[in-house]
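These are the residues of each chain, in order.
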Amino acid sequence: MTSSKHLPVAAPNWTDLRHLTDARIALGRAGGSLRTPTLLDFRLAHARARDAVHAEFDAANLAAVLREANLETLALASRARSRAQFLLRPDLGRRLEAGAVERLNSRTDRPADIVILLSDGLSATAAHAHGPDTAICLHRHLTRLGRTVFPVVLVPFGRVKLQDEVGEILQAKQTVMLLGERPGLGAPDSLGAYLTYGPEQRRNDADRNCVSNIRASGLPPEAAAEKLAQLLTESLRLKTSGVQLKDTQLPPLPPVPRD
Amino acid sequence: MSRWTCPLEGRRHQFDSLADLMAKATPLRSGDQLAGLAAGDAEERVAAQLCLADVPLELFIEEPLIPYEQDEVTRLIADRHDRDAFAPVAHLSVGGFRDWLLAFSAQEEVLTGLAPGLTPEMVSAVSKIMSNQDLILVAQKCRRETAFRNTLGTAGCLAVRLQPNHPTDDPRAIAASIVDGLLYGCGDACIGINPATDSVDSTIELLKLLDDVIRHYAIPTQSCVLSHVTTTLEAMEREAPVDLVFQSVAGTEAANSAFGISLSLLREAQAAAQSLSRGTVGNNVMYFETGQGSALSADAHHGIDQQTCEARAYAVAREFDPLLVNTVVGFIGPEYLYDGKQIIRAGLEDHFCGKLLGLPMGVDVCYTNHAEADQDDMDNLLTLLGVAGCNYFMGVPGADDIMLGYQSTSFHDSHYLRQVLGLKPAPEFAAWLEGMNITDTNGRLCEIGENHPLLEAKSVS
């Protein structure tokens, strides 16, 4: 059996440079072109990223997982009706469909304190893999801090700004949107979290704080939830979020009581 | 009342303004649909092209799409328009201009002389009625040479920007990618880093790293840290080794303002960089990037289609005699260019428009993972642009930019293109590659042994 693995890759001290960066260096070559294993590695990474973008958001299963951890959920819909429409019309993913507005308006638990939303965004893979852990850990921190957390809003085809409309209708003090980030080749399952103080339609990106790269080999969900809880606490104290709220030197959370 | 009507069998198409006509004549793309400017269906698009083909080129001078008083890019276009250079085509319509460009008589020196007489709107209009092969053929007849520490854009030359980005700007990681790219024979267009952090201190640190590498190995190339122009200006004030000044530019004053720039700021930066006289064979000191959709995403498009906005950005670039200009064609996402077909078309249009206006055009042949595109689409566009005579492409390790999170072209891609089209690096750089035993006299890559000087680099190990 002959494989292109016999082709020279690179001198050992060239290959050693790989320890310094995740960039695809010291790949070797077939003539001037990519070796077969390199070509197929790349294709696999792209396939995973594409599958992550096109994976279907499984709200029912997410609700079941969250229910097991004693978290209530509420399933809503944005104005985007399909994946293609969601990709072509970012504006539709930023707004709730009419039925969702009615359902939120009829809630008796308004005004809400804090609302966590979970959407597929650009990677359902990320939402499925790290959404529940992040939401559960965050919920635990917030409850311990004496906050009242609204049922987790599950919404497919959502963009970051969707939290403004949800938060405005619920008259929430703060919202946190968890959603799949645009997949890179190295990380198809990276979750992002965006928090807003005083969510309402006039908010924009400068009014938010972001915790990104939430995944096992990035910022793990437990650590992300802790950081979010710190940010939310400081945001509530300062009555603001976004550029006014720096994420360096946040006060630590109160110690966990031993049981 | 409608300005233009196109009576076709069973239907009468009407277009209200020149901007409306140009938008509806544009080959289908998602960004114009998002803006609500695109033709409603395929027939309306061709009806608009039929009308546009009859519009006299003079009209684009008489009727600016954005009023002179409102927009400094319009003023730049009008004030710099060279009537004498325009004379040979002044009597033509858009359709007649297409035929004129394709004629055997329209050769390199003719097109070079014509460039100052053309406005972005004329060039955009004619591109809309041209086929992909027209865009390739005419662009291939245009040539724009520029120089700093090497000469770019000569006949038969294909250059590569070595793009060694890293998510945390780690100097050792960046140095490793630079060594890798150089050992694959890339880096003649420039060694250019997109910094993760746009601060003066980190920009200066990266500039010093690049300067050390270039001087230590006497590489005939130039460096660039692609920070905001104000950051680079401050770095120059602090006597950092700045070769090229980078800036993203757009085609309207409002969009440029959203980028935090103006023409006067760019003039200041150009003068500062030229005064350093760091070039050895030339003094083109500016590097601009553009991309269709930037004006719309800044809500600054004035109801003008994204391709015409893009061509207007080239008028901004042209003012500053740049070393390098490239359109980052597929970076912006599927809401502006949906799939491989739209990205390929846009790449060919941008390269054509830039070249016809006299710019040293390169293209970042690229896509994101939420676009309907893959590496085969990039192979196609790379090949088409290679035939069209594109000045340079990006060289990203394995085509995977781990900082910007998108896919571009790899070091290996340049060797593919050089082999199939018989292209060579910039002459000064090609000589350096041979001297360093990286390539042989035929431009083929040599075996790199453990003792190669680049692998003994102290900055890396």
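Note: the structure precedes this text.
This section reports on the structure supplied with the text. Note that this is a predicted model, so its numbers are computed, not measured.

### Points about the overall build of chain A
Turning to step 1, where the next piece is worked out: Counting secondary structure elements, chain A contains 9 helices and 6 strands.
Turning to step 2, where the next piece is worked out: Principal-axis analysis of the C-alpha atoms places the extent of chain A at approximately 70 × 45 × 35 Å.
Turning to step 3, where the next piece is worked out: Among the 259 residues that make up chain A, the fraction classed as buried is 52%.
Turning to step 4, where the next piece is worked out: The contacts in chain A between residues at least 6 apart in sequence include a share of 69% that link residues at least 24 apart.
Turning to step 5, where the next piece is worked out: When the accessible surface of chain A is totalled, it reaches about 12,200 Å², and 50% of it is carbon and sulfur.
Turning to step 6, where the next piece is worked out: Each charge class in chain A was averaged separately, 34 positive and 28 negative side chains, and the resulting centres sit 4 Å apart.

### Quick look at the pattern of salt bridges
Residue and element names in this part refer to chain B.
Turning to step 1, where the next piece is worked out: The tally for this structure, following the rule as stated, stands at 41 salt bridges over all chains.
Turning to step 2, where the next piece is worked out: Between Asp71 and Arg312 there is a salt bridge, with its nearest N and O atoms 3.1 Å apart. You can see Asp71 sitting in the loop between helix H4 (58-62) and helix H5 (72-80) and its partner Arg312 sitting in helix H17 (residues 306-318), a full 241 residues away along the chain.
Turning to step 3, where the next piece is worked out: Exposure remark for Arg312: the relative accessible area of 0% places this residue in the buried category.
Turning to step 4, where the next piece is worked out: With its nearest N and O atoms 3.9 Å apart, the salt bridge here joins Asp212 to Arg215. Of this pair, Asp212 and Arg215 are both found in helix H12 (residues 200-216), 3 residues apart, which corresponds to roughly one turn of the helix.

### So, the environment of Ile402(B)
Turning to step 1, where the next piece is worked out: Inspection of the secondary structure puts Ile402(B) in the loop between strand E13 (400-401) and strand E14 (406-407).
Turning to step 2, where the next piece is worked out: Since its relative accessible area comes to 22%, Ile402(B) is described here as partly exposed.
Turning to step 3, where the next piece is worked out: C-alpha of Ile402(B) to C-alpha of Pro167(B): the two residues are 235 residues apart in sequence and 6.5 Å apart in space.
Turning to step 4, where the next piece is worked out: Not counting residues up to four positions away in its chain, the partners in contact with Ile402(B) are Thr21(A), Asp22(A), Ala23(A), Asn165(B), His166(B) and Pro167(B).

### Considerations on the nonpolar core
Turning to step 1, where the next piece is worked out: Ranked by internal contacts, the top residues of the largest apolar core, which has 162 residues, are Phe60(B), Phe97(B), Leu182(B), Tyr287(B), Phe352(B), Leu356(B) and Trp432(B).
Turning to step 2, where the next piece is worked out: Discounting chain neighbours no more than four positions away, the residues touching Trp432(B) are Leu182(B), Tyr217(B), Ala218(B), Ile219(B), Pro220(B), Ile438(B) and Leu454(B).
Turning to step 3, where the next piece is worked out: The next biggest cluster of nonpolar side chains, apart from the first, holds 34 residues, and it includes Leu71(A), Ile116(A), Ala135(A) and Leu195(A).

### Things to note about the side chain of Thr290(B)
Residue and element names in this part refer to chain B.
Turning to step 1, where the next piece is worked out: Assignment of secondary structure puts Thr290 in strand E9 (residues 286-290).
Turning to step 2, where the next piece is worked out: One polar contact links Thr290 to Glu310, side chain to side chain, over a distance of 2.6 Å.
Turning to step 3, where the next piece is worked out: Not counting chain neighbours up to four residues away, the residues in contact with Thr290 comprise Val249, Glu310, Ala313, Tyr314, Asn326, Thr327 and Val328.

### Overview of the pairing of E9(B)
All names here are of chain B.
Turning to step 1, where the next piece is worked out: Burial analysis of E9 places 5 of its 5 residues in the buried class, the great majority of the element.
Turning to step 2, where the next piece is worked out: Side-chain alternation along E9 places Met286, Phe288 and Thr290 on one buried face and Tyr287 and Glu289 on a second face that is also buried.
Turning to step 3, where the next piece is worked out: In terms of strand pairing, strand E8 (residues 245-248) meets E9 through 4 bridges, oriented parallel. Each residue of the ladder has a partner; that of Gln247, found in E9, is Phe288.
Turning to step 4, where the next piece is worked out: With 4 bridges joining them, E9 and strand E10 (residues 324-328) adopt parallel strand pairing. Bridge pairing in E10 links Glu289 to Asn326.

### Quick notes on the sheet that holds strand E1 (residues 73-75) of chain A
Residue and element names in this part refer to chain A.
Turning to step 1, where the next piece is worked out: On the basis of which strands lie adjacent, the open sheet formed by 6 strands has the order E1-E3-E2-E4-E5-E6 and mixed pairing. Looking along the sheet, the strands with just one partner apiece sit at the ends: E1 and strand E6 (208-214). When the angles between neighbouring strand axes are averaged without regard to direction, this sheet yields 20 degrees.
Turning to step 2, where the next piece is worked out: Packing against the sheet, helix H8 (residues 162-169) makes contact with strand E2 (114-119), strand E4 (174-180), strand E5 (191-197) and E6, and its axis sits at approximately 150 degrees to E4.

### Remarks on helix H9 (residues 221-238) of chain A
All names here are of chain A.
Turning to step 1, where the next piece is worked out: The terminal C-alpha atoms of H9 lie 25 Å apart, and with 18 residues this matches the ideal 26 Å at 1.5 Å per residue to within 8%.
Turning to step 2, where the next piece is worked out: Within H9, the full set of buried residues consists of Pro221, Ala224, Ala225, Leu228, Ala229, Gln230, Leu231, Leu232, Glu234 and Ser235.
Turning to step 3, where the next piece is worked out: Buried positions along H9 lie against E2, helix H7 (124-144), E4, E5 and E6.

### Observations concerning the packing of helix H11 (residues 171-183) of chain B against H12(B)
Residue and element names in this part refer to chain B.
Turning to step 1, where the next piece is worked out: Where H11 contacts H12, the axes come no closer than 11 Å and their chain directions differ by 35 degrees. Remark: the crossing between H11 and H12 carries right-handed chirality. Contact residues: Pro171, Ile174, Ala175, Ile178 and Leu182 in H11; Glu205, Leu206, Leu209, Leu210 and Val213 in H12.
Turning to step 2, where the next piece is worked out: Residue composition of the contact of H11 with H12, by class: 9 nonpolar, no polar and 1 charged.

### Looking at a nonpolar patch on the surface
Residue and element names in this part refer to chain B.
Turning to step 1, where the next piece is worked out: A cluster of nonpolar side chains, namely Val387, Val420 and Leu421, defines an oily patch on the protein surface of about 210 Å² accessible area.
Turning to step 2, where the next piece is worked out: On the secondary structure map, Leu421 appears in helix H20 (residues 411-421).
Turning to step 3, where the next piece is worked out: Classification of Leu421 as partly exposed rests on a relative accessible area of 31%.

### Focus: helix H18 (residues 340-356) of chain B
Turning to step 1, where the next piece is worked out: Given a rise of 1.5 Å per residue, 17 residues ought to cover 24 Å, and the 24 Å separating the end C-alpha atoms of H18(B) matches this to within 8%.
Turning to step 2, where the next piece is worked out: Phi turns positive one or two residues past the end of H18(B), at Gly358(B), with a value near 95 degrees.

Rules behind the numbers
Residues numbered from 1 in each chain as written. Chains lettered and ligands numbered in written order. Predicted model: local features only at pLDDT ≥ 70, side-chain atom pairs only at ≥ 80, totals over all residues. Heavy atoms only, no water. Helix = DSSP H or I, 4+ residues; strand = E, 2+ residues; numbered from the N terminus. Buried < 20%, exposed > 50% of the residue type's maximum accessible area, 1.4 Å probe, protein only. Contact = heavy atoms within 4.5 Å. Areas by Shrake-Rupley, 256 points an atom, 1.4 Å probe, with all protein chains shown as cover. Lys, Arg positive; Asp, Glu negative; His and termini not counted. Charge placed at Lys NZ, Arg CZ, Asp CG, Glu CD. Salt bridge = Lys/Arg side-chain N within 4 Å of Asp/Glu carboxyl O. Core = buried A, V, L, I, M, F, W, Y, C linked by side-chain atoms within 4.5 Å. Polar contact = N/O pair within 3.5 Å; in protein donor to acceptor, adjacent residues only side chain to side chain. Pairing = 2+ DSSP bridges. Axes fitted to C-alpha atoms, helices over the stretch in contact; angles between N-to-C directions. Expected span 1.5 Å × (residues − 1). Left-handed = near helix turned anticlockwise from the far one by under 90°. Nonpolar A, V, L, I, M, F, W, Y, C, P; charged D, E, K, R; others polar. Patch = residues over 30% accessible without salt bridge, like charges linked within 9 Å, V, L, I, M, F, W, Y side chains within 5 Å.

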